[in-house]
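Residue-level structure breakdown
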Amino acid sequence: EDDKVARAARIMREEACQGVSVADICRRIGLGRRNFEMRFHRVVGHSPAAQLRDLRMARARSLLESSQMSIQEVAFACGFSDQLYFSSAFKKVAGIGPKSWRETHRARNARK
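A brief structural summary. (Residues numbered from 1 in each chain as written. Predicted model: local features only at pLDDT ≥ 70, side-chain atom pairs only at ≥ 80, totals over all residues. Heavy atoms only, no water.)

**What to know about the pattern of salt bridges**
Here the structure, examined in full by the defined rule, presents 6 salt bridges. Its salt-bridge partner being R28, residue E15 comes within 2.8 Å of it at the nearest N-O pair. You can see E15 sitting in helix 1 (residues 3-15) and its partner R28 sitting in helix 2 (residues 22-29), a full 13 residues away along the chain. According to the relative accessible area criterion, R28 is partly exposed, its value standing at 37%. With a shortest N-O distance of 2.9 Å, R53 and D54 are connected by a salt bridge. (Salt bridge = Lys/Arg side-chain N within 4 Å of Asp/Glu carboxyl O. Helix = DSSP H or I, 4+ residues; strand = E, 2+ residues; numbered from the N terminus. Buried < 20%, exposed > 50% of the residue type's maximum accessible area, 1.4 Å probe, protein only.)

Put into C-alpha cells, the structure is as follows:
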C-alpha cells in the first residue's frame, strides 16, 4: 500500500468532520491533486472526495440516529457549511432527507 495514501486515509478518518478538503490533504502529504487522486483511487477503489463524503455521511447517520441534535447541528458537526447543502447531499446518498431518515431509523430501533 502507498504510504502517502495510507497517511491521507488516516487524515480523512480523523478530520473528515472538521471540514478537511482534498486540497488540504494534498498539501499535507506533498502530492499534486491529480497524482493523489489517481493513487488513492488505485489503492482504495474510489475517489478521495467519495471517501470524505462517505465518512461524513456515516457520522451524520450515527448522530441522527443516536442524538437529539437538530439537523443543522448534525450538518455542522459533520463538516457541512449549512443545513441545506447537508440535506441535499444526504438525500443524494441515502435516498431520503435526514429528517425522514431519522424518523425511520428511530422507529425501527424502537421496535427492536
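**Some details on the packing of helix 1 against helix 3 (residues 33-44)**
At a minimum axis distance of 10 Å, the contact between helix 1 and helix 3 shows a crossing angle of 85 degrees. Judged by the angle between their axes, helix 1 and helix 3 are roughly perpendicular. Residues K4, V5, A8 and M12 of helix 1 form the contact with helix 3, whose participating residues are F36, R39, F40, V43 and V44. For the contact of helix 1 with helix 3, the per-class residue count stands at 7 nonpolar, no polar and 2 charged. (Axes fitted to C-alpha atoms, helices over the stretch in contact; angles between N-to-C directions. Parallel < 35°, antiparallel > 145°, perpendicular 65-115°, else oblique. Contact = heavy atoms within 4.5 Å. Nonpolar A, V, L, I, M, F, W, Y, C, P; charged D, E, K, R; others polar.)

**Describing helix 4 (residues 48-66)**
Counted at 1.5 Å a residue, the expected span for helix 4 with its 19 residues is 27 Å, and the 27 Å between its end C-alpha atoms agrees. Taken together, the buried positions of helix 4 are P48, A50, Q51, L52, R56, M57, A60, L63 and L64. The secondary structure elements touched by the buried residues of helix 4 are helix 1, helix 2, helix 3, helix 5 (71-77), helix 6 (83-94) and helix 7 (98-111). (Expected span 1.5 Å × (residues − 1).)

**What about the environment of L55?**
If you trace the backbone, L55 turns up in helix 4. Sequence-wise, L55 and E15 are 40 residues apart; in three dimensions their C-alpha atoms are separated by 9.5 Å. Discounting residues that sit within four places of it in the chain, L55 has contacts with M12, R13 and A16.

**A few points about the state of the cysteines**
Applying the stated criterion across every chain, the model contains 0 disulfides. Between C17, a free cysteine, and C78, which holds the nearest cysteine sulfur, the sulfur-to-sulfur gap is 4.5 Å. Cysteine C26 is unpaired, with the sulfur of C17 as its nearest cysteine sulfur at 19 Å. On the basis of relative accessible area, C26 is assigned to the buried category, the value being 6%. (Disulfide = S-S within 2.5 Å.)

**A word on the layout of surface pockets**
In this approach a probe as big as a water molecule rolls over the atoms, and the regions it shows empty are the leftover space. In this structure, the largest pocket spans a volume of roughly 280 Å³. What lines the largest pocket is a set of 13 residues, and nearest its centre among them are R53, R56, F80, Y85 and A89. Of all the secondary-structure elements, those providing two or more residues to the lining of the largest pocket are helix 4 and helix 6. Per-element accounting of the lining of the largest pocket gives the leading share, 5 residues, to helix 6. (1 Å grid on protein atoms, 1.4 Å probe; cavity = no way out; pocket = protein on both sides within 12 Å on 5 of 7 lines; lining within 4 Å. Points joined across faces, edges and corners; volume = space filled by probe spheres on them.)

**Quick word on the packing of aromatic side chains**
Per the stated rule, a full pass over the model turns up 5 aromatic pairs. Seen from their ring centres, F90 and W101 are 6.0 Å apart, and the 80 degrees between their planes marks the pair as edge-to-face. Of this pair, F90 sits in helix 6 while W101 sits in helix 7, and the two are 11 residues apart along the sequence. With respect to class, F90 is no different from W101; both count as buried. A network of ring pairs unites the aromatic residues F80, Y85, F86, F90 and W101 as a single cluster. (Phe/Tyr/Trp six-rings, centres within 6.5 Å; stacked < 30°, edge-to-face > 60°.)

Interpretation in functional terms is not warranted from these geometric data alone.
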